[in-house]
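A look at the structure
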Amino acid sequence: MTDPSAPSAVAPLLQVEKLTKAYVPGEPVLRDINLAVASGEIVCLLGPSGCGKTTLLRVIAGLEEPDAGRILYAGADQRNVSVHARDMGFMFQDYALFPHKSVGENVAFGLRMAGQSRQAVRARTAEMLELVALGGYGERSVFDLSGGERQRVALARSLAPSPGLLMLDEPLGALDRTLREELMGEVRRILKAVGVTALYVTHDQEEAFSVADRIVVMHAGRIEQDAPPQVVHDHPASAFVARFLGFQNLLPIATVPADDSADSSAGPMLETPLGPLDAAAIGGAVPSGARLLLIRPEAARFVAASAPLPGMVIRCVLGDSSYRGSHYRIRVTTADTPEPVALVFDVPAYRLHPDGRRRPVTPGDLARNRQVTLALDPSLMTLL
Amino acid sequence: MTTARRIALPLLYALPLVFLAVFFLYPLARILQVSFYADGRWMLDSVGRLTGSRYFWRLIWFTTWQAVASTALTLTVGLPLAYLFARYDFRGKSVVRALTTIPFVMPTVVVAAAFTALLGRTGLINVLLQQLLDLEQPPIALLGTIWIILLAHAFFNVSVIIRAVGGFWSNLNPSLEEAAAVLGANRARLFWEVTLPLLWPSIAAASLLVFLFCFTSFGVVLILGGARFATLEVEIYRQAVSLFDLPAAAWLSLVQMILTFIMMTLYTRLQARASLPLESRSQARTAVTLRTPMARLFLALTLGMALLLLLAPLITLAWRSITLGDNGVTLAYYRALADNPRQSAFFVPPIVAVRNSLLFAAATTLLSLLLGIISAYLLARPRTRRTAWLEPIFLLPLGTSAVTLGLGYILAMGPWRTALWLTPVAHTLIAAPFVVRTFLPALRSLDPRLRESAAVLGAPPLRVWLEVDVPILFRAALVAATFAFTISLGEFGASLLVTRPDTPTMPVIIYRALSRPGQLNYGQALAMSTVLMIVAGLSLILIERFRIGDIGEF
C-alpha cells in the first residue's frame, strides 16, 4: 500500500488540496480536505451521515463549487471545467435512472453524449449490461426492475463512457442487508475488472472493508484517518475512528510516569483505570500524545480466580449478556478498581475443558451479578 | 457558469416580470390614479360620496351574501358526492368523475346560455310543462331571479368541492377512523370528532375558492340575473361601459381587488395546510367496493341523479340549438352563423368569431406557456431571501378580476387600447397563473439528480434540458397548454372590454346575441354556445388524458 503522505513516483490521478466548503456561512461541511487517489485505486470515504463525505464527492464531480482549495485531475486544475466536461462518472445513492428511458437507453446515454456512432453505442451498451449480468435487459423499463437490478443498471450506466474516475455515493445504501452483502464483493469485482479508479462513499464499515484498497475515515468535515483497511482496523487513529468501528472499551490513560532511571528493556508503565500496564506488552513504543487505551472485545478470557497469569487480570461483576451464535457479548463492571469501570467483551460460546473437549458456556455461567475473573490479552490492546 | 449564461439567465427570468409590470401592475396603478387623482389634485370627495352611499353598501352586501349562499348550496351538493367518490369503488369511476368536471371548464356564457335553454321562458322544461299541463303561460319564471344565479354558481363549482375535498378525503388514513371506532365512537361522533376536523382544512380551502369565484362572478350574473342584480364585477362593467363613469368603476375595482387579495392570501394559507401530508394513504386502500345490491342501487341512483343535474343544461343546450322554433330538427341556426344579414346585430358574420377565438387562444397558449414556464423555473429555484417575494407576485393575477383588467387596459394603454394583440395579452395574464400552478408541482417533483446524472454523463446544460426536463415535463406542459387554451376560449369579462367590435370572440358574440330579442339571435347564441361547449369538452378530455396523478391544484 502506498503511504499517501509520501511523495510517490507517479503523480496521483486525483489530488484534492485544502478543500473547504460551507453551505451556510460559518458552518463548514468540508474543512481543509487533502486527499490523493492513485490510478486504479478504490478508495472508500467512510463516516457517519453528515460528515461531509457526499459533499466531497459532489465537489470533486463539479456538482458543487468549493469555497477554497484545488482539485487536480491528471495534473489539471478542474476549477473552470464544467461538470459535463470532466472525465468523471457519478453513481447516485438512489441511482437517478431516467424514468422516461429504457434500461438500454439509460446505459447508452453517456455514450451518446460522447458522440459515439450508433453501432458503437449499441455494442458498448450490450457489453456493459453483460458485465453487470443483465444481458438482454436493454428493452425493459426501469420500473420493471428490482432494487438490485436498478443498482446494476446505474453501475453499468456510469461505467459505460469509461470515466477516468468513478464516484459512487452509497451505491448499496438503498438495498436490504442480504442483497447488500451479496453485492459488496460483486461491485469490487466489477470495478477491478474494468480497472477504473473509484471513490466510494459509505457509512457501513463492513462495506468499506470489503470494497476498499484504502479507507478514508471522515468526521465533521475532516479526514480522521487515511490508511489501508487493516491499518484502520488495527490502529484506529483517533477515539472517533475507534468508536465508529464499534469499539467500546476506550479507557483514559494517565501520562507515562517519568521513570527515566528504569532499565530500558521494560517499556514505560501506563497508569490505567484498571491498574498499571507495561507498554511493552502492548507492542513497543507509546505513540506521543497517546491518551486512550483501546481493549478489543475479544481480548478477555475467563480464568480461575487464583491462577497466576501474565498480562492483566481483573475481577468483575457480570451484567447483561446476549448470545451471538459463536460468542456471548457480556457487559461487566470491574470490582477491584478504585472506580468501577464498565467494559464490553465477546467471550467464546464454547470453552476448553481440562479433558480437552469443548463444552458450551451455559447461560447459568453468565448469570447476572456473578463474580468472574477475566484475563485480558495485552496483544489485543492499542494505544490511541 | 460561463459569462453567456450569467447574462442570459437573468434576462430570461426578467421576461415575466417585465410582462407583469407592463400589462398588470401599470394598468392597476392607472386604476388607482383615476380613482383618487385627476386634474392635478386628489379627488377623495367623490370616492367618499360613493362610499357613503347606500347604493355602494347594498352592492357589497349583495355580492357577499349571494356568494355565501352559492357556496353553501355548492357544499350541500358537493360534499356527499365527494364522500361517494372518496370512499367507494365502482366500475367507471374515473369516467363519472371526469363527467362531473365538465361544468367547471365550461365558459360562463355557455353555462348562462344552457340555463336559459333549460329553465328560461322558452326553455325545455317550460315547453314540456306547457304541453303536458296545457298551460298558456310558462309556469317557471326563474330568469332574472336570485335562484337561477345560485343554481348556476353551484353547477359551476360542484366539481371544485368534489376534486379538492374528495381528493383529500380519499387520502385520509382509514385507520384513524377505525381507531376512533374501536375506542367507542358511534358513526355520528366519529364523523364530528374525527373525520370532519381532519377534512376541515380542505373543506375550508375549497369553500373559499368557490366563494372567491362566486364573489367575482360576472357572466352568470350579467346574463341570467338581468338588470335587477349586480355583483361588484358586473357593476364595474356597467359603470365603465354603460355609464362612462370611469372613476366610479376604478374605485369599485380597487375595493374588489383589496377584498379578493385578502381572500387569495387566506386561500394560499389554507391550501398549504390542506396539502400537509397527513399520513396519507393511496386511494386504492381507502376505497371499498359495495357488496349488497341495495347499497349498489343507492350509489347508482345518487350518482345518476347528480350526473343528470350536471349534464342536463348542457345536453339541453345542444338539443335546443337544433330544435328551437316549430320546424323540428334544423341546422338553420348553425347555417345562420355564417351570414350577416342586414337586420342582424352583428358587425361581422358570427362565424368569424370562431376564427378570432381560435387565433387568440393559440396566441394566448404560446405566450402563457412561455411566461408561465419561465416563471415556474424561477419559482422552483431554491428559495432565498431575495426571491421569497416572487411567488405571491406571480400568483397575484389569479385573484384579480377580468373586468378590472380590461378596465385597466382601457385606462392605461392609450392608443394601443384597440390593438388586436391586447386580447391575447389580457388572456395570458388570466391563464399564466394557471400554467404556473399546473407546471410548478411537476417541475418541483423532478428529481434534481436526474439532471446531475445527465451532466456527469457528459451532457452540457442545454442538452440536459432537452434530454431530461423536456421529455419528463412534456405532459405537464400539455395539460397547462390545454388549460390556457380553454381559459382563453371562454374568457368573457376582459374580452368584452378589450376586443374591438369588428374582432369579437365567441363569448362576446354569444353575449351580444343573447341580449338581443328575436328567435334567430337566440338560436344563433345557442348554436355558437354549443360549438364552444364542444371545444371546451374536447379540451377537458385532453387534460384528463394527460393528467399525471393528482399533481397540480386544478
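Treat the numbers as computed from the prediction; the structure is a model and nothing was measured.

As a further point, take the overall build of chain A. Scanning chain A from terminus to terminus reveals nine helices and 22 strands. Across its three principal axes, chain A shows a C-alpha extent of roughly 80 × 50 × 40 Å. For chain A, with 384 residues in total, the buried portion stands at 36%. Of the contacts formed within chain A by residues at least 6 apart in sequence, a portion of 62% connects residues at least 24 apart.

Broken down by element type, chain B carries 24 helices and four strands. A compact globule built from 554 residues would reach a C-alpha radius of gyration of about 24 Å, and chain B, at 25 Å, matches this within 12%. Each of the three principal axes of chain B carries a C-alpha extent, and together these read 70 × 70 × 50 Å. When burial is assessed residue by residue, chain B has 44% of its 554 residues classed as buried.

Another point: the sheet that holds strand β22 (residues 381-383) of chain A. Residue and element names in this part refer to chain A. Taken together, three strands build an open sheet; the order of strands is β11-β14-β22 and the sheet is antiparallel. Both outer strands of the open sheet, β11 (250-252) and β22, are each paired with one neighbouring strand and no more. Put simply, the sheet's adjacent strands are angled 25° from each other on average, direction ignored. As paired elements, strand β14 (residues 292-295) and β22 share three bridges and run antiparallel to each other. Of the residues in β22, the one forming a bridge with Ile 295 is Met 381.

We now examine the domain arrangement of chain B. All names here are of chain B. On domain assignment, one finds that chain B holds domain 1 (53-324) and domain 2 (335-402 + 417-554). Centre-to-centre separation of domain 1 and domain 2, based on C-alpha positions: 22 Å. Facing the 31 residues of domain 1 at the interface are 31 residues of domain 2. A breakdown of the residues in the side of domain 1 that touches domain 2 according to their chemical character gives 21 nonpolar, eight polar and two charged.

Let us look at the domain arrangement of chain A. Annotation of chain A at the domain level lists domain 1 (14-244) and domain 2 (251-379). If you average the C-alpha positions of domain 1 of chain A and of domain 2 of chain A, the two centres end up 41 Å apart.

A few words now on the interface of chain B and chain A. Facing 16 residues of chain B, the contacting portion of chain A comprises 16 residues. Put simply, the parts of the chain that give the side of chain B that touches chain A at least two residues each are α20 (448-456) and α21 (461-490) of chain B. By residue number, the principal contributor to the side of chain B that touches chain A is α20 of chain B, which donates seven residues.

A few words now on the pairing of strand β21 (residues 371-376) of chain A. Residues and elements named next belong to chain A. Of the pairings in the sheet, the one linking strand β15 (residues 300-302) to β21 comprises three bridges and is antiparallel in character. Pairing of Arg 301 across the sheet is with Ala 375, part of β21. Across six bridges, the pairing between strand β16 (residues 312-323) and β21 is antiparallel. From the neighbouring strand, Val 313 faces β21, where its bridge partner is Ala 375.

The biggest cluster of nonpolar side chains holds 149 residues, and the ones touching the most others in it are Ala 113, Ala 152 and Val 435 of chain B. Broken down by element, this core gets its largest block of residues, 16 residues, from helix α7 (residues 146-170) of chain B. When residues of this core are assigned to domains, at least three fall in each of domain 1 (53-324) and domain 2 (335-402 + 417-554) of chain B. Filtering out sequence-adjacent residues up to four positions away, Ala 113 of chain B remains in contact with Leu 317, Ile 510, Leu 514, Ala 525, Leu 526 and Ser 529 of chain B. Within the second largest apolar cluster, 106 residues are counted, among which are Ala 156, Leu 168 and Val 332 of chain A together with Val 464 of chain B.

With that settled, consider unusual backbone geometry. Residue and element names in this part refer to chain A. Although it is not a glycine, Ala 74 sits at a positive phi angle of roughly 50°. Tracing the backbone shows Ala 74 in the loop between β4 (68-73) and β5 (76-77). Here Ala 96, not a glycine, exhibits a phi torsion of approximately 50°, which is positive.

Residue pairs three or four apart in sequence face the same way in an α-helix, which turns once every 3.6 residues. Among the eleven residues in helix α18 (residues 402-412) of chain B, ten count as buried, and that is most of the element. Regarding α18 of chain B, the residues found buried are Ala 402, Val 403, Thr 404, Leu 405, Gly 406, Leu 407, Gly 408, Tyr 409, Ile 410 and Leu 411 of chain B.

Right, let's talk about the environment of Leu 212 of chain B for a bit. Residues and elements named next belong to chain B. Tracing the backbone through its elements, the reader meets Leu 212 in helix α9 (residues 187-215). Along the sequence, Leu 212 and Thr 260 sit 48 residues apart, while their C-alpha atoms lie 7.0 Å from each other. With residues near it in sequence (within four places) discarded, Leu 212 still touches Thr 260, Met 263 and Tyr 267.

Attention now goes to the pairing of strand β3 (residues 42-46) of chain A. Residues and elements named next belong to chain A. Summarising burial for β3: five of the five residues are buried, a large majority. The alternating pattern of β3 places Ile 42, Cys 44 and Leu 46 on one face and Val 43 and Leu 45 on the opposite face, and all of these are buried. The pairing of β3 with strand β8 (residues 197-202) spans five bridges and is parallel. Bridge pairing in β8 links Val 43 to Leu 199. Bridge count between β3 and strand β9 (residues 214-219): four bridges; the pairing is parallel. In the strand pairing of β9, Val 43 is matched with Arg 214.

We now examine the confidence of the model for chain A. For chain A, mean pLDDT is 87; residues scoring 70 or higher make up 91% of the total. Low pLDDT, under 50, characterises residues 1-8 of chain A; the stretch is placed with seven contacts to residues that sit more than four places away or in other chains.

A separate point is the sheet that holds strand β10 (residues 222-227) of chain A. Strands in a sheet are paired, the pairing made by backbone hydrogen bonds, and the direction either parallel or antiparallel. All names here are of chain A. Sheet architecture is open: six strands sit in the order β6-β7-β8-β3-β9-β10, paired in mixed fashion. Looking at which strands have only one partner, the edges of the open sheet turn out to be β6 (88-91) and β10. Between one strand axis and the next, the sheet turns by 15° as a mean value, whatever way the strands run. Relative to β10, β9 runs antiparallel, the two sharing five bridges. Residue pairing across strands places Met 218 opposite Ile 223, the latter belonging to β10. Contacts from helix α1 (residues 53-61) reach β3, β6, β7 (165-169), β8 and β9 within the one sheet, and its direction differs from that of β7 by about 150°. Against the sheet, helix α4 (residues 147-159) contacts β6 and β7, and its axis sits at roughly 170° relative to β6.

A few words now on the environment of Arg 449 of chain B. Its location among the elements puts Arg 449 of chain B in helix α20. For Arg 449 of chain B and Leu 317 of chain B, which are 132 residues apart along the polypeptide, the C-alpha to C-alpha distance reads 51 Å. When near neighbours in sequence (up to four residues on either side) are disregarded, Arg 449 of chain B contacts Phe 92 and Ala 96 of chain A.

Let's shift gears to the packing of helix α3 (residues 54-87) of chain B against α7 of chain B. Residue and element names in this part refer to chain B. Axis separation between α3 and α7 bottoms out at 6 Å; the angle between their running directions is 40°. Between α3 and α7, the angle is such that the two are oblique. You can see that α3 and α7 cross each other, and the crossing is right-handed. The class makeup of the residues in the contact of α3 with α7 is 19 nonpolar, eight polar and no charged.

Rules behind the numbers
Along every chain, residues carry numbers that run from 1 in the direction the sequence is written. Naming scheme: in the order in which they are written, chains are lettered from A and ligands are numbered from 1. Residues qualify for local features only when their pLDDT is at least 70, as the model is predicted, and side-chain atom pairs are given and counted only at 80 or more; totals for whole chains, interfaces and linings, by contrast, use all residues. Runs of H or I in DSSP of at least four residues are treated as helices and runs of E of at least two as strands, each being numbered from the N terminus. Whether a residue is buried, exposed or partly exposed follows from its count of other C-beta atoms within 10 Å of its own C-beta, namely 20 or more, 12 or fewer, or something in between, respectively; the C-beta atoms are built from the backbone. For the purpose of contact definition, each residue receives a C-beta atom placed from its backbone, and two residues are in contact when these atoms lie within 7 Å. With the radius of gyration taken over C-alpha atoms, the globule rule is written as 2.2 Å times the number of residues to the power 0.38. In this scheme, strands are said to pair when DSSP sees at least two bridges between them. Between the N-to-C directions of two axes lies an angle of 0 to 180 degrees, each axis being a line fitted to C-alpha atoms and, for a helix, fitted only over the stretch in contact. The domain limits used here are those given by an automatic or database domain assignment. In this classification, Asp, Glu, Lys and Arg are treated as charged, Ala, Val, Leu, Ile, Met, Phe, Trp, Tyr, Cys and Pro as nonpolar, and every other residue, Gly included, as polar. Note on terminology: a nonpolar core is a set of buried residues of type Ala, Val, Leu, Ile, Met, Phe, Trp, Tyr or Cys, with members joined through C-beta atoms within 7 Å. In predicted models, pLDDT denotes the confidence assigned by the predictor to each residue on a 0 to 100 scale. Here roughly perpendicular refers to angles of 65 to 115 degrees, roughly parallel to angles under 35, roughly antiparallel to angles over 145, and oblique to all remaining angles. A crossing counts as left-handed when the near helix is turned anticlockwise from the far one by less than a right angle, and as right-handed when that turn is clockwise.

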